Structures are given as structure tokens and as C-alpha cells.
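Chains, contacts and geometry: an overview
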Amino acid sequence: MDAVATTDFIHVFEPGTEASRPPLLLLHGTGGNEHDLLPLGRMVAPGASLLSPRGKVLEGAMPRFFRRLAEGVFDEADLTARTHELADFVAEARKRYDLPAPVALGFSNGANIAASLLLLRPEVLAGAALVRAMSPFRKPPKADLAGKRVLILSGALDPIIPAEDAERLAQTLSAGGALVDHRILPTGHGLSQGDVGLLRGWLDQA
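In short, a report on the structure. Fair warning: this is a prediction, and the values are worked out from it, not measured in the lab.

Helices and strands together make up the secondary structure of the protein, namely five helices and 12 strands. A globule of 206 residues ought to have a C-alpha radius of gyration of about 17 Å, and the protein, at 15 Å, matches this closely. Its C-alpha atoms put the protein at 40 × 35 × 30 Å along the principal axes. Across the protein, every contact between residues at least 6 apart in sequence was considered, and the portion connecting residues at least 24 apart equals 70%. Carbon and sulfur atoms provide 54% of the accessible area of the protein, an area that totals close to 8,900 Å². When the 21 positive and 24 negative side-chain charges of the protein are each reduced to one mean point, those points stand 2 Å apart.

Structure (C-alpha cells):
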């Protein structure tokens, strides 16, 4: 399907064939676009509706969902503003496409803004699968996440995200009441077959 724009987000929407599956909000990593995670979405949640926006921030020529000041150092003011902008897009897209609340599936930068959505606008998501995520805020806000399922997939050999940072995110979300399943895989920052299997198993239970 060709990309379209809603509230200034270029995005792709693929309607699902399985009404029992929650839609997926696909959030790409740095340098990705609205097409990057579609194959993964089809693989791990066959039959689900897929909503995949392109990040609006450019780092050089690479799309991202929010600015960073350095590797692992986020512009938290921009992150906050972009999180609310993305939440408003999801709300509008839900009306446009007649969707229930989606489960976010984010990778790297996309996983980080998905975590921020959980903390700042928890009503927008039914849950989230966060692949290679780190804590988006130095002092995270408190959020009511009671009953929301969250999967965090970290890489033991990830050179970008310290293990303690991903664990801190897991603890923050758990403290808000989320049902967090944090798995650490013997891999680096990139997606692996292990991630695919865990994502599919977790989403099958959604």
C-alpha cells in the first residue's frame, strides 16, 4: 500500500484480516521509514492491522521520531513534544481506520518513543513490544499502566544500550503496574531470529 499523510505523518496502513488480533503500531529505528517494519509485523502478527508512521525528525538524512543530543542522550523537551504529536496521530488514525487501541512494536528509536508513549500517554496503547529500548527519561514520569502487557527484548552484546538502562526501564514500567516480560538475548543491537520468535509468541497471547 502507498504511504499517505495524516496530521503530517507519512504512514502506511494495512487493514487486517483477523479481527481478534489487536492492531500493531510499527515504530522504526533511526534511518528507517514507514516500510521497514511491515515485513516483521506480518511475520509476528499474521492477520493484524498494521499502522506504520515515518518519524518526522531528520538526523542528517535519517528519519527519527525525536531528536537526540548525542548517542544515548535524548533531547527530552523534543521527546515530550513528539510523543504527544505521535499520540494525537494514533488517536486520529484510530478514528480514520476504525481501530481499537494498538500494541506498539518499536525498534531502537521507535522502541524509545513507544516507551515514552506508555509513560506520557498510556491511554493510547493497549501494550508494547520494545526491541532494544532504553529509558527515555532521566527522571521518568509516573504513569498508570495497570494491566498493560509490555515485552522488552534486550541484547546482551548491545554496544549502544547498557544492560542496567534497559533494566531501569523495565522497573519503571513495572512500578506503574505494567505486566513486564524482560528478555535478554545473546545478540547485539540488531534484530535476530530469537527476537522474531519471542515477539510472535508474546503477540499470540495478546
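The next thing to look at is empty space enclosed by the protein. Evaluation of the coordinates by the stated rule reveals one cavity of 30 Å³ or more. In this model, the largest cavity occupies a volume close to 40 Å³. Around the largest cavity, the lining residues are Phe9, Lys56, Phe65, Arg82, Glu85, Leu86 and Ile113. Considering each element in turn, the lining of the largest cavity owes the most residues, three residues, to helix H2 (residues 76–97). Considering only residue class, the lining of the largest cavity consists of four nonpolar, no polar and three charged.

Here helix H5 (residues 193–204) is 12 residues long and its end C-alpha atoms lie 17 Å apart, about the 16 Å a rise of 1.5 Å per residue gives. For H5, the complete set of buried residues consists of Asp195, Val196, Leu199, Trp202 and Leu203. The arc that holds every buried residue of H5, seen down its axis, measures 140°, which confines them to one face. The secondary structure elements touched by the buried residues of H5 are strand S3 (24–27), helix H1 (38–44), strand S9 (103–107), strand S10 (127–131), strand S11 (149–155) and strand S12 (179–185).

It is worth spelling out the pairing of strand S2 (residues 9–14) at this point. Judged by how many residues are buried, S2 sits mostly within the fold: five of six residues are covered. Strand direction decides the pairing type here: S2 and strand S4 (residues 50–53), joined by four bridges, are antiparallel. Each bridged residue has a counterpart across the sheet, and for Phe13 the counterpart in S4 is Leu51.

Thresholds applied
Residues numbered from 1 in each chain as written. Predicted model: local features only at pLDDT ≥ 70, side-chain atom pairs only at ≥ 80, totals over all residues. Heavy atoms only, no water. Helix = DSSP H or I, 4+ residues; strand = E, 2+ residues; numbered from the N terminus. Rg over C-alpha atoms; globule rule 2.2 N^0.38 Å. Contact = heavy atoms within 4.5 Å. Areas by Shrake-Rupley, 256 points an atom, 1.4 Å probe, with all protein chains shown as cover. Lys, Arg positive; Asp, Glu negative; His and termini not counted. Charge placed at Lys NZ, Arg CZ, Asp CG, Glu CD. 1 Å grid on protein atoms, 1.4 Å probe; cavity = no way out; pocket = protein on both sides within 12 Å on 5 of 7 lines; lining within 4 Å. Points joined across faces, edges and corners; volume = space filled by probe spheres on them. Nonpolar A, V, L, I, M, F, W, Y, C, P; charged D, E, K, R; others polar. Expected span 1.5 Å × (residues − 1). Buried < 20%, exposed > 50% of the residue type's maximum accessible area, 1.4 Å probe, protein only. Arc of directions from axis to C-beta. Pairing = 2+ DSSP bridges.

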